[in-house]
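Structural overview for review
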Amino acid sequence: MTDTKGRVTGVNGNMVSVRVDGVVSMNEVAYIQVDEKRLKSEVIRLRGDLAQVQVFEMTKGIKVGDPVEFSGELLSVELGPGLLGQIYDGLQNPLPLVAEKTGNFLEPGIYLDALPRDRAWTFKPCVKAGGRVEAGDALGHVPEGVFEHRIMVPFGLAGSWTVKSVVPEGSYRIDDTIAVLVDGKGRETRVTMVFRWPVKRGVGCYTERLRPVDPMVTKVRLIDTFFPVAKGGTYCIPGPFGAGKTVLQQVTSRNAEVDIVVIAACGERAGEVVETLKEFPELQDPRTGRSLMERTIIICNTSSMPVAAREASVYTAVTIAEYYRQMGLDVLLLADSTSRWAQAMREMSGRLEEIPGEEAFPAYLESVIAGFYERAGIVRLRDGSTGSVTIGGTVSPAGGNFEEPVTQATLKVVGAFHGLSRERSDARKYPAIHPLDSWSKYHGIMDPEAVRYGHEYLSRSAEVGSMMKVVGEEGTSLDDYIVYQKGEFLDAVYLQQNSFDPVDSSVSPERQKRIYSLVLSVLAAEIAAKDKEDARSWFYSLRQKFLDLNGTEWKSDRYHATEKTIIELVAAKSRGADPRGTRIIESLE
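Residues numbered from 1 in each chain as written. Predicted model: local features only at pLDDT ≥ 70, side-chain atom pairs only at ≥ 80, totals over all residues. Heavy atoms only, no water.

Regarding its fold elements, the protein presents 15 helices and 28 strands. Scaling as 2.2 N^0.38, a compact globule of 589 residues should have a C-alpha radius of gyration of about 25 Å, and the protein matches this with 27 Å. When the backbone C-alpha atoms are referred to their principal axes, the protein occupies close to 90 × 55 × 40 Å. Across the 589 residues of the protein, 55% fall into the buried class. A fraction of 71% describes how many contacts in the protein between residues 6 or more apart in sequence connect residues 24 or more apart. (Helix = DSSP H or I, 4+ residues; strand = E, 2+ residues; numbered from the N terminus. Rg over C-alpha atoms; globule rule 2.2 N^0.38 Å. Buried < 20%, exposed > 50% of the residue type's maximum accessible area, 1.4 Å probe, protein only. Contact = heavy atoms within 4.5 Å.)

Structure follows, in structure tokens:
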């Protein structure tokens, strides 16, 4: 704490005005004394000796004249071993421990250590006395689950430092000194396994920022093939309520080929968060065979919690993600939902009496959202390894209107757009990503020409389908009707995926390429149908065979038998093939 003190002069919702006696900085943490409790807050505006602070707790009980203390520190999180498997609130309080202390109803003013102080870790040094290190360099490592957790030089130590001493291999607690560093002026700094870092300041301890190129495999066919996401990239999932945003994020977190998953439940409904908290410890990680929770961190700030903490939860999550990126790991951050964070900003902006932008959102909405997504990326570290943070955020536009400000501001900065459709979700077509409205700037696991070929059939099928709604099936030619059936077939057997099926819920890239090649053989075939009824019947039987194939274990005897049956069905009904489609299929095999 500093010597700077203050007194409350006004309360407006979760914004409190404070008359300050001393020096205060923007984003500094302050504590308001209310009876026996100290409520955490953050300075968001300064005007002379008057400071406005946003309170991260319910402001009930705050009165004019209540004392305020200023910490001299920015809003920060603790970084060190023990983060994996934890469930925090937006201020990094471990919620299970808070519940033990206060019961099922969380009380304001309770702040606990984010990392356990009594746990011992087996530290193994990787530097020697006399070595030179900089911020972010590893001093040693401890085992954390299946990972080697690097104990790094705190990110805030500028310049080059000399290692004066380092402890030998052994068991230590996170507050024990593990190394002593000396700068060029002879000043010593003791380093422990834990340090703090401001959440609104990006971690820049790397040598080079790389372009996201390698695809982040999600094992969701529609995403990996048509709308891929790159490691270190960004994507958004806007959609109306009930269209499957949260479920799609959960499926992605289970199956994505990344090392660490950070979930930020930012203003999400408590029921959905509880479901995640119950399921993840019981789910088996397909990569390690252990509990999925062992490589997951959940930042839980539900819609029933104070709105000011929504912003804190988003920045807490991305800071933790950057911390693990510095260890050369690939991290996936899922923020659900950024719309509720934006609503919290709108509420605070109104209380600050700022000039509003579109739909009363603050005029700086775009820059704040861009600043958040720009913290994603793939970087090369000083030791030559690479680490990445991939950010995926959901957007909840009212009525599914993608023209509203939050969605539009997000679309300007992300690399992939997975727009969910009410029409598809109502038709139980999951994932409900609209194949014609969505897009991606990244390269995926499939040849772009093969993806274009399938997308053309989806587009042409949609056009014929729209025409049929006007003139009816009888007013459509047989050739157009076959094009329509091909698009519907591609949708049913490849775009849609059963997340409850143990096989179909997670599809490897190798299997996706083989299945897509089979699908293309159908799209490229010139189907010899007698009439529309014959075409409809044949596509229906073929679709059922493909659905059986999707639920069959990869490369099993049953799989090979079903695949052979499909090939024979297509060959018997085909009177030729499109040369372009044939070339594409040959390039995939």
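Having put the structure on the table, let's press on.
Another aspect to go through is the side chain of E404. Positionally, E404 belongs in the loop between strand 24 (386-395) and helix 8 (405-411). Buried within the structure, E404 lacks any salt-bridge partner; R346 is the closest side chain of opposite charge, at an N-O distance of 7.1 Å. A polar side-chain atom of E404 sits 3.3 Å from the main-chain amide nitrogen of V406. Dropping the residues within four chain positions of it, E404 is found in contact with E359, F361, V395 and P397. (Lys, Arg positive; Asp, Glu negative; His and termini not counted. Salt bridge = Lys/Arg side-chain N within 4 Å of Asp/Glu carboxyl O. Polar contact = N/O pair within 3.5 Å; in protein donor to acceptor, adjacent residues only side chain to side chain.)

What follows covers a nonpolar patch on the surface. Judged by side-chain polarity, M467, V470 and V471 come together as a nonpolar surface patch covering roughly 260 Å² of accessible area. Examined against the element boundaries, V471 turns out to sit in helix 10 (residues 448-471). (Patch = residues over 30% accessible without salt bridge, like charges linked within 9 Å, V, L, I, M, F, W, Y side chains within 5 Å. Areas by Shrake-Rupley, 256 points an atom, 1.4 Å probe, with all protein chains shown as cover.)

Another aspect to go through is the sheet that holds strand 5 (residues 50-55). Strand order in the closed barrel formed by 6 strands is 1-2-5-4-3-6, and the pairing between neighbours is antiparallel. Along the sheet, successive strands turn relative to each other by an average axial angle of 45°, direction set aside. (Pairing = 2+ DSSP bridges. Axes fitted to C-alpha atoms, helices over the stretch in contact; angles between N-to-C directions.)

To continue, consider the sheet that holds strand 12 (residues 147-152). Here 4 strands make up an open sheet; going across it, the order is 12-11-9-14 and the pairing antiparallel. Only two strands of the sheet have a single neighbouring strand rather than two, namely strand 12 and strand 14 (170-173). On average, each strand axis in the sheet is inclined to that of its neighbour by 45°, with strand direction left out of account. Of the strand pairs in this sheet, strand 9 (residues 120-125) and strand 14 are connected by 4 bridges, and their pairing is antiparallel. The partner of F123 across the bridge, within strand 14, is G170.

Moving on, we come to the state of the cysteines. Within the structure shown, the criterion is met by 0 disulfides. Distance from the sulfur of C205, which forms no disulfide, to the nearest cysteine sulfur (C126) is 15 Å. Among the residues examined, C205 registers a relative accessible area of 16% and is labelled buried. Its sulfur unpaired, C236 is 15 Å from the next cysteine sulfur, which belongs to C266. (Disulfide = S-S within 2.5 Å.)

For the structure shown, the criterion picks out 33 salt bridges. Notably, a salt bridge pairs R221 with D504, separated by 2.7 Å at the nearest N-O pair. In this pair, R221 is assigned in helix 2 (residues 221-226) and D504 in the loop between helix 11 (478-495) and helix 12 (509-524), connecting sequence segments 283 residues apart. The residues R221 and D504 share a single accessibility class, namely buried. The closest approach of N and O atoms between R424 and D491, which form a salt bridge, is 2.9 Å.

Here we come to the packing of helix 6 (residues 338-351) against helix 7 (residues 365-373). For any two helices packed against each other, one specifies the inter-axial angle together with the distance between the axes. Their axes nearest at 11 Å, the elements helix 6 and helix 7 cross at an angle of 135°. Taken as axis vectors, helix 6 and helix 7 run oblique relative to one another. Every pair of crossing elements has a handedness; the one defined by helix 6 and helix 7 is right-handed. Touching T338, W341, A342 and M345 of helix 6 are L365, V368, F372 and Y373, all from helix 7. (Parallel < 35°, antiparallel > 145°, perpendicular 65-115°, else oblique. Left-handed = near helix turned anticlockwise from the far one by under 90°.)

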